[in-house]
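# Structural overview for review
Residue strings, one per chain:
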Amino acid sequence: MISETKIMCRELDCGNVVAEYRVLVEYRRRRGVRLGGCRGHESTIRECNNINGGPGFCNGGYYHHVTCSESVRLVDGAGLCSGRVEVKSNQSWASVCEADFDRQDAEVVCRDVGCGAPAALQGGLYGEGEGQTWDKEFQCKGKESLLLDCDTSDRENNTCLPGNAVGLTCSEPDDVRLVGGGSRCAGRVEWYDQREWRTVGAVKNQEDVAAVVCRQLGCGSTVSVLPGNTSRGIGVKCSGSEFSLRECRRTYELRPGLTVICSDLLVQPDISLTDSMGGVFRGHQGPEMFRGYNFTITCSTQPQYPGGSFLLTFTGSNRTHTQPAVNHSAAFLFPAADDSHQGNYSCVYDNYVFSHNFSSESELLSLVITGN
């Protein structure tokens, strides 16, 4: 229904889609119209090419309730959670000047349009728009639920230079999770719907749904997707290009639940430097080591899965060291530090799980070797 709900909010001049949910229709007690065939670009519902059956009774179906943002919208962005900020003023939409908009205002706008926390805030990021400029300055505290709840004040400067219409990118809503796979990037797909977590199944192409799930969670690409064995969930149909699951079509026909494994399965390992004789100290550019002292580089990771191994890499050299992970860590001992040990080190954790090889690399540790 996401295409249809976008058109409804647009036709009513009510901003972006915030949420939509269903209500069971009592048998032959309610009248309604069955909708479908919308692609999302139409100006009105009547332009959709498949309004099934016209007005009549909804026998055993569902009503769809739609919530629109009403007073604020994000325009010309990618997906529902990014775009140029526009505010409704005197029945028309106005762009907001970057100078009149701060992080607290952005937090409220992202919440108002049903998205997560602000990720990027920049003037001109999504164009200038063709209408007027909002003539007030918001005084949000960041905790308000709606932009209309924020105080406003008159602008100190009534002009807004080109390239300063504020663009906002919000994170995707925290309404999708993967459960039971030992990682936030693996497991059974669940969607928070109508105040409870529901299992998700695919109406058609499972890989398209999995691609959207991995993208929304920031978990990389899809490695594998399998139908669940027992639980059945709401059906979802995606093209694979959507930024979040709520942009996909949704049905309430029960489908086998999906188990999705994403590429960023393993958390980033940690890397640390220690010595037992006081040869390590903190320099201006990072850790420094006295020549002739022993030192140890330790690689470690969170206890997600048993086994695996650590590869310690050293830039500027072809030398590598590998050790099995014992209690999710490995220690690499270096005797008598000299100039050949100066450079950048990193830990790569490798593990074979879910019938696939996965790896994750730590941040770089830059080591300087200094005087005796």
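Residues numbered from 1 in each chain as written. Predicted model: local features only at pLDDT ≥ 70, side-chain atom pairs only at ≥ 80, totals over all residues. Heavy atoms only, no water.

All right, on to the nonpolar core then. Core analysis: the largest hydrophobic core is formed by 27 residues, its most contacted members being L265, F295, I297, L312, Y345 and L367. If you list the elements that add at least two residues to this core, you get β17 (270-274), β20 (295-300), β21 (309-314), β23 (329-334), β24 (343-353) and β26 (365-370). At four residues, β24 tops the list of elements feeding residues into this core. For L312, the contacting residues outside a window of four places in its chain are I271, I297, C299, R319, T320, H321, F332, F334, Y345, S346 and C347. (Core = buried A, V, L, I, M, F, W, Y, C linked by side-chain atoms within 4.5 Å. Buried < 20%, exposed > 50% of the residue type's maximum accessible area, 1.4 Å probe, protein only. Helix = DSSP H or I, 4+ residues; strand = E, 2+ residues; numbered from the N terminus. Contact = heavy atoms within 4.5 Å.)

Our focus in this paragraph is the packing of aromatic side chains. Enumeration over the complete set of coordinates arrives at nine aromatic pairs. Between F290 and Y293, the aromatic rings sit 6.1 Å apart at their centres with planes inclined by 45 degrees, giving tilted as the arrangement. In this structure Y293 comes out as partly exposed when scored by relative accessible area, which is 26%. With a centroid separation of 6.1 Å and 70 degrees between ring planes, the pair formed by F334 and Y345 is classed as edge-to-face. Taken together, the residues F334 in strand β23 and Y345 in strand β24 connect sequence positions 11 residues apart. Accessibility classification places F334 together with Y345 in one group, the buried group. Members of the aromatic cluster, connected to one another through ring pairs, are F295, F314, F334 and Y345. Sitting above the plane of the W197 ring, R177 keeps its charged end 4.1 Å from the centroid. The ring of W191 has R250 lying over it, and the distance from NZ or CZ to the ring centre is 4.6 Å. (Phe/Tyr/Trp six-rings, centres within 6.5 Å; stacked < 30°, edge-to-face > 60°. Lys NZ or Arg CZ within 6 Å of the ring centre and 35° of its normal.)

Another aspect to go through is the environment of E107. Within the secondary structure, E107 is located in helix α2 (residues 103-112). On the basis of relative accessible area, E107 is assigned to the partly exposed category, the value being 28%. Along the chain, E107 and G142 lie 35 residues apart, while their C-alpha atoms are 5.6 Å from each other. For E107, the contacting residues outside a window of four places in its chain are P118 and G142.

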